[in-house]
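Below, each chain spelled out in residue letters.
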Amino acid sequence: MTAVETTVQYQTTYMTTTEDYMTQEDCWERDLLLDPAWEKQQRKTFTAWCNSHLRKAGTQIENIEEDFRNGLKLMLLLEVISGERLPKPDKGKMRFHKIANVNKALDFICSKGVKLVSIGAEEIVDGNVKMTLGMIWTIILRFAIQDISVEETSAKEGLLLWCQRKTAPYRNVNVQNFHISWKDGLALCALIHRHRPDLIDYSKLRKDDPIGNLNTAFEVAEKFLDIPKMLDAEDIVNTPKPDEKAIMTYVSCFYHAFAGAEQAETAANRICKVLAVNQENERLMEEYEKLASELLEWIRLTIPWLENRAAEQTMRAMQQKLEDFRDYRRVHKPPRVQEKCQLEINFNTLQTKLRLSNRPAFMPSEGKMVSDIANAWKGLEQVEKGYEEWLLTEIRRLERLDHLAEKFKQKCNLHESWTNGKEDLLSQKDYESASLMEIRALMRKHEAFESDLAAHQDRVEQIAAIAQELNELDYHDAATVNGRCQGICDQWDNLGTLTQKRRDSLERVEKLWETIDQLYLEFAKRAAPFNNWMDGAMEDLQDMFIVHSIEEIQSLITAHDQFKATLPEADKERMATMGIQNEIVKIAQTYGIKLSGINPYTILSPQDISNKWEHS
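For clarity, every value in this text was computed on a predicted model and none was experimentally measured.

Rules used in this analysis
- Residues numbered from 1 in each chain as written.
- Predicted model: local features only at pLDDT ≥ 70, side-chain atom pairs only at ≥ 80, totals over all residues.
- Heavy atoms only, no water.
- 1 Å grid on protein atoms, 1.4 Å probe; cavity = no way out; pocket = protein on both sides within 12 Å on 5 of 7 lines; lining within 4 Å.
- Points joined across faces, edges and corners; volume = space filled by probe spheres on them.
- Helix = DSSP H or I, 4+ residues; strand = E, 2+ residues; numbered from the N terminus.
- Nonpolar A, V, L, I, M, F, W, Y, C, P; charged D, E, K, R; others polar.
- Polar contact = N/O pair within 3.5 Å; in protein donor to acceptor, adjacent residues only side chain to side chain.
- Contact = heavy atoms within 4.5 Å.
- Expected span 1.5 Å × (residues − 1).
- Buried < 20%, exposed > 50% of the residue type's maximum accessible area, 1.4 Å probe, protein only.
- Salt bridge = Lys/Arg side-chain N within 4 Å of Asp/Glu carboxyl O.
- Core = buried A, V, L, I, M, F, W, Y, C linked by side-chain atoms within 4.5 Å.
- Axes fitted to C-alpha atoms, helices over the stretch in contact; angles between N-to-C directions.
- Left-handed = near helix turned anticlockwise from the far one by under 90°.
- Parallel < 35°, antiparallel > 145°, perpendicular 65-115°, else oblique.
- UniProt positions renumbered as here; feature names shortened; annotations may be inferred.
- pLDDT = per-residue confidence, 0-100.
- Phe/Tyr/Trp six-rings, centres within 6.5 Å; stacked < 30°, edge-to-face > 60°.

**Thoughts on the layout of surface pockets**
Space inside the largest pocket adds up to approximately 380 Å³. Lining the largest pocket we find 16 residues, and of these Ser52, His53, Lys56, Cys253 and His256 sit closest to its centre. Elements supplying a minimum of two residues to the lining of the largest pocket: α1 (36-54), α6 (129-145) and α11 (244-307). By residue number, the principal contributor to the lining of the largest pocket is α11, which donates four residues. By residue class, the composition of the lining of the largest pocket is nine nonpolar, four polar and three charged.

Take a look at the structure:
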């Protein structure tokens, strides 16, 4: 395609973009370019804008329509603002060389998505002011304004929205467009103050001093922000409607100046945020490791305490253990439960953060994984459950032991109270001096005692059974219980032995007394007739007989001889009777029976018989 062929038919609108970032009011209006004031503003603004970029390459332009005619500085401008290399320019000075260079620049502009309309290389080479200004405006739109994006709006609307957002807090500023909203200079000063409050004292600005406000903004921008002066304050103030393109071009420089700083700040903030996130992740890792170590150490130290099954000997001591366990449940464990939950939350939070920042997952130290902690905690709770069950069982055992011990004590006291003095009573030998009647009374009394003794047998068995259960339940004072129980059992056995001995003695003495009684009876039965015989014999012997004849004498002698003949038999009877008495005495002496000396069946005594016999 030749340079001539690049010329297209003139239309009302000189360019559009594929992204349609220009609205109808942004269209190039041919008549407006004829306004000398606007043309003057555009010349100055566009020239300053181009020079702000060309100076980076060590050059500048003086006359915008003349200095771009050969296309060399136009190509250089595009390279500077795009950062790309354009085709090598033609070095010749002929017209077709210039057209070729301008076409290379226009082709590059088209390659960036801009459709040029009504702008041809010949017009630029011929120095057509309005076409040159239109071309520069196209470049400004594409490279300075099109890429502006604020809250899903772009290009002109994005730039306008950015200005509105930045100046919204300022008094007397209401940015609605890119012409009359900027005439008093306050909007420009507000933009500067919003980003660099150290450069302008906004509180001292007056709305009725637009030239002063504008010059302040221009001077501060040029001196401190490296934004060249592109407008004249008088031109803006004295023009009913300042040129929109000139204002947009100048304001876009502020956007790039501040937005670049904001982007740098944003990048710095992102870096800081990344660093902060990394630091926070490191903190979470360290905190996890620390919490995990402390929690595992607490579990390690707590489990042996819960595994200790050393039973206390008293209920008071076991109640203290139970209270310590409840204190552990109420006071010591809840913070650890919270730590465990916080540990899991921190771990999951950390893993999520690492995943979102495309970092490797966190791997805790060996033995400190969440699963390790969960297993340790599970083991703790199992031991805790077993400890609680053991405590309750042990307390029930001690309660049972205390109850049994008290019951044992009461039964022992009752039994010992009952047995007090019983051994002495059973050991008495009161039966030795008792009569048969008394012996029989003692026997009946002893039989009653035996019944009472048998009734107490059940209590002794209960005492022994309680003592055995106390031993089986591992009663702490089992030795004392066993000693007392053994004493009671030994005493019980001794009581049984003494009871049986007394019964035997009573039965023996009773039989002896029954024998003696029988002998007494037999003595009385034989002594009475013998005594009567002796009384009769003595009467006969002492009787004074008066005889009258020898026959009577002979009869008396015969009678006396007959009497004498009966004496041996009588003596034999006496000896038999006295033998009974002797048997009684022998029995008493042999078995230690104390005789009262009185025969209950007769008033005759052996001595009476003997005395009468000797005197007869």
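**A few points about the side chain of lysine 340**
Its location among the elements puts lysine 340 in helix α12 (residues 315-356). For lysine 340, the side chain forms a polar contact with the side chain of glutamate 344, separated by 3.0 Å. Residues in contact with lysine 340, not counting those within four places in the same chain, are Leu295 and Trp377.

**Thoughts on helix α7 (residues 155-167)**
For α7, spanning 13 residues, the distance from its first C-alpha to its last is 18 Å, which sits close to the expected 18 Å at 1.5 Å a residue. Counting buried positions along α7 yields 10 of 13 residues, so the element is predominantly enclosed.

**Observations regarding the pattern of salt bridges**
Applying the stated criterion across every chain, the model contains 40 salt bridges. In this structure, arginine 526 engages glutamate 522 in a salt bridge whose closest nitrogen and oxygen atoms are separated by 4.0 Å. Of this pair, arginine 526 and glutamate 522 both sit in helix α16 (residues 478-542), four residues apart, roughly one helical turn.

**Some remarks on the nonpolar core**
Trp49, Ile139, Trp182 and Phe254 are the most contacted members of the largest nonpolar core, which has 83 residues in total. Non-local contacts of tryptophan 182, meaning those with residues more than four positions away in its chain, are made with Cys163, Val175, Asn177, Ala187, Leu188, Leu191, Leu214, Ile236, Ile247 and Val251. Counting residues in hydrophobic clusters, the runner-up holds 43 residues, among them Tyr328, Leu343, Trp390 and Ile395.

**Some details on the packing of helix α4 (residues 95-111) against α6**
The interhelical angle for the contact between α4 and α6, taken along N-to-C directions, is 35°, at an axis separation of 11 Å. Here α4 runs over α6; the crossing is left-handed. In contact with Leu106, Phe108 and Ile109 of α4, α6 contributes Met135, Thr138, Ile139 and Phe143. A breakdown of the residues in the contact of α4 with α6 according to their chemical character gives six nonpolar, one polar and no charged.

**Here's the deal with the packing of helix α3 (residues 72-82) against α6**
Interhelical geometry of α3 versus α6 gives an angle of 10° and a closest axis separation of 11 Å. The angle between α3 and α6 places the two elements in the roughly parallel class. Where α3 approaches α6, its residues Leu74, Leu78, Ile81 and Ser82 are matched on the opposing element by Met135, Ile139 and Phe143. Taken together, the residues of the contact of α3 with α6 sort by class into six nonpolar, one polar and no charged.

**A word on the UniProt feature "domain: Calponin-homology (CH)" (unreviewed entry) in the protein**
UniProt records the feature "domain: Calponin-homology (CH)" (unreviewed entry) for residues 40-144 and 153-259 in the present numbering. Helix makes up 65% of residues 40-144 and strand makes up 3%, while its end C-alpha atoms are separated by 21 Å. Summarising residues 153-259: 56% helix, 2% strand, and an end-to-end C-alpha distance of 15 Å.

**A short note on the environment of glutamate 552**
Tracing the backbone through its elements, the reader meets glutamate 552 in helix α17 (residues 550-591). For glutamate 552, a relative accessible area of 33% puts it in the partly exposed group. With 214 residues separating them along the chain, glutamate 552 and glutamine 338 place their C-alpha atoms 148 Å apart.

**Quick word on unusual backbone geometry**
In this structure, aspartate 226 is a non-glycine residue whose phi angle is positive, near 60°. Note on placement: aspartate 226 falls in the loop between α9 (210-224) and α10 (233-238). Of the residues examined, aspartate 226 reaches a relative accessible area of 56% and is grouped as exposed.

**Remarks on the UniProt feature "coiled-coil region" (unreviewed entry) in the protein**
Per the UniProt record, "coiled-coil region" (unreviewed entry) is annotated on residues 274-328 and 439-473. Between the end C-alpha atoms of residues 274-328 there is a gap of 43 Å, over a span that is 87% helix and 0% strand. In this annotation, residues 439-473 is assigned 97% helix and 0% strand; the end-to-end C-alpha distance for the span is 50 Å.

**Things to note about helix α8 (residues 186-195)**
Burial analysis of α8 places eight of its 10 residues in the buried class, the great majority of the element. Inspection of α8 places Leu186, Ala187, Leu188, Cys189, Ala190, Leu191, Ile192 and His193 among the buried residues, and these make up the whole buried set.

**Points about the confidence of the model for the protein**
The predicted model of the protein has a mean per-residue pLDDT of 85, with 93% of residues at 70 or higher. Counted against residues more than four places away or in other chains, residues 1-34, with its pLDDT under 50, gives 80 contacts.

**Some words on the packing of aromatic side chains**
Taken as a whole, this structure holds 23 aromatic pairs when the rule is applied. Seen from their ring centres, phenylalanine 325 and tyrosine 387 are 5.4 Å apart, and the 55° between their planes marks the pair as tilted. Linking phenylalanine 325 in helix α12 with tyrosine 387 in helix α13 (residues 370-419), this pair joins segments that are 62 residues apart in sequence. Taking the centre distance of 5.7 Å and the plane angle of 25° together, the rings of phenylalanine 530 and tryptophan 533 count as stacked.

**Side note on the environment of arginine 459**
Position of arginine 459 among the secondary structure elements: in helix α15 (residues 436-472). Put simply, arginine 459 and leucine 414 are 45 residues apart on the chain and 9.2 Å apart in space, counted from C-alpha to C-alpha. Apart from residues lying up to four places away in sequence, arginine 459 is in contact with Lys411, Leu414 and His415.

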